[in-house]
Amino acid sequence: MPFSTAIRPHIPYLRRYARILTGSQESGDAYVRAALEAAIEGAEEIDRDLPPNVALYQLFHATWKTSGARLDRPGGDGDKRQLGELPPEARQMLLLTAVENFSVDQAATILRIDVASAKSNLIEAQTYLENGMATEVLIIEDEPIIALDLQSIVERMGHKVVGVARTRDEAVKLANEHSPRLVLADIQLADNSSGIDAAHDILKDHRVPVIFITAYPERLLTGEKPEPTYLITKPFMPETVAATISQALFFAGDEERAEVAE
């Protein structure tokens, strides 16, 4: 199989990772495009001895590093400890392992650092998660067990769940009543309404990051229309939810509203 064919299935997930890393679809997609162009032009080499997904993410990070990418902490509450205060490699280790499900060894290979440094960075990132400041979270989920799991994760992080909605109308009502600072939204809701539509309604009156949770991420990672900046795949690990929440809160001070799929 040609290597270009082998890496193709992983590109949508790299785009998701790049969006989480940068905080926007436009910026994330631009870095992915730059990485692929660098490989085509020979400016960056793909290690074909690595598994295709590891090689692709390694290519992305090589381009990211040489481009001088860095993230200033957005405006917001000055007393909050967020992922933006972490060294870049610690934040990247957390996202690679918790969100993209790479092993520590694979993440170290992607970042081109030794395993001991990778473990140290990951421990530092996890410590920041445990010491995070509280915020208010709205959960939109029609499955009671999943809703309870999400509530437990959110509360263990020190955040407050202001409500759990099962339908689009319930979600909008709770958002208007409590003005949450973060929304976790399933895609398919109890009355056959859409979590995406609920998010659109909420964003008309509230500037708040939205994290979508779905069993079918490929339906939203087509590259054919605006896509969610934050997307978690079911079934999820608690670490994935925690890392994505912290990253979303890091960018919550941006001027742009959270991006949702149309």
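Whatever comes next refers back to the structure up there.
Fair warning: this is a prediction, and the values are worked out from it, not measured in the lab. (Residues numbered from 1 in each chain as written. Predicted model: local features only at pLDDT ≥ 70, side-chain atom pairs only at ≥ 80, totals over all residues. Heavy atoms only, no water.)

(A) Highlighting the side chain of Asp186. With respect to the secondary-structure elements, Asp186 resides in strand S3 (residues 182-186). For Asp186, a relative accessible area of 8% corresponds to the buried category. Polar side-chain contacts of Asp186 include one of 3.3 Å to the side chain of Lys234. Leave out the neighbours within four places in its chain, and Asp186 touches Ile140, Glu141, Asp142, Gly195, Ile213 and Lys234. (Helix = DSSP H or I, 4+ residues; strand = E, 2+ residues; numbered from the N terminus. Buried < 20%, exposed > 50% of the residue type's maximum accessible area, 1.4 Å probe, protein only. Polar contact = N/O pair within 3.5 Å; in protein donor to acceptor, adjacent residues only side chain to side chain. Contact = heavy atoms within 4.5 Å.)

(B) Spotlight on the side chain of Thr240. Structurally, the position occupied by Thr240 is in helix H11 (residues 238-250). Those residues in contact with Thr240, other than ones at most four positions away along the chain, are Ala98, Val99, Asn101 and Ile232.

(C) Spotlight on the sheet that holds S3. What the 5 strands build is an open sheet, ordered S2-S1-S3-S4-S5; its pairing is parallel. Looking along the sheet, the strands with just one partner apiece sit at the ends: strand S2 (160-165) and strand S5 (230-233). Neighbour to neighbour, the strand axes of the sheet diverge by 20° on average, direction disregarded. Sheet topology note: the strand S1 (residues 136-140)/S3 ladder contains 4 bridges and is parallel. By the bridge assignment, Ile140 is partnered in S3 with Ala185. (Pairing = 2+ DSSP bridges. Axes fitted to C-alpha atoms, helices over the stretch in contact; angles between N-to-C directions.)

(D) The pairing of S1, seen in detail. Burial runs high along S1: 4 of the 5 residues are buried. Pairing of S1 with S2 involves 5 bridges; the strand directions are parallel. Across the sheet, residue Ile140 finds its bridge partner in S2, namely Ala165. Regarding topology, helix H8 (residues 144-156) serves as the crossover connection from S1 to the parallel S2, and that connection is right-handed. (Right-handed = clockwise from strand over helix to strand, strands pointing away.)

(E) Geometry of the nonpolar core. Residues Tyr17, Phe60, Leu96, Leu182, Leu184, Ile211 and Ile245 are the most contacted members of the largest nonpolar core, which totals 60 residues. Counting residues in hydrophobic clusters, the runner-up holds 22 residues, among them Val162, Ala165, Ile196 and Ile202. (Core = buried A, V, L, I, M, F, W, Y, C linked by side-chain atoms within 4.5 Å.)

(F) Representation of the pattern of salt bridges within the structure. If you walk through the whole model with that rule in mind, you get 8 salt bridges. A salt bridge links Glu100 to Arg16, with the nearest nitrogen and oxygen atoms 3.4 Å apart. Highlighted residues: Glu100 in the loop between helix H5 (88-99) and helix H6 (104-111) and Arg16 in helix H2 (residues 11-22), separated in sequence by 84 residues. On the accessibility criterion, Glu100 (10% relative accessible area) is buried. One salt bridge connects Lys173 with Glu177, and the closest N-O pair in it is separated by 2.6 Å. Residue Lys173 and its partner Glu177 are both found in helix H9 (residues 168-178); the two are separated by 4 residues, about one turn of the helix. For Glu177, a relative accessible area of 48% gives the class partly exposed. If you follow the salt bridges from partner to partner, you end up with Arg168, Asp197, Asp201 and Lys204 in one network. (Salt bridge = Lys/Arg side-chain N within 4 Å of Asp/Glu carboxyl O.)

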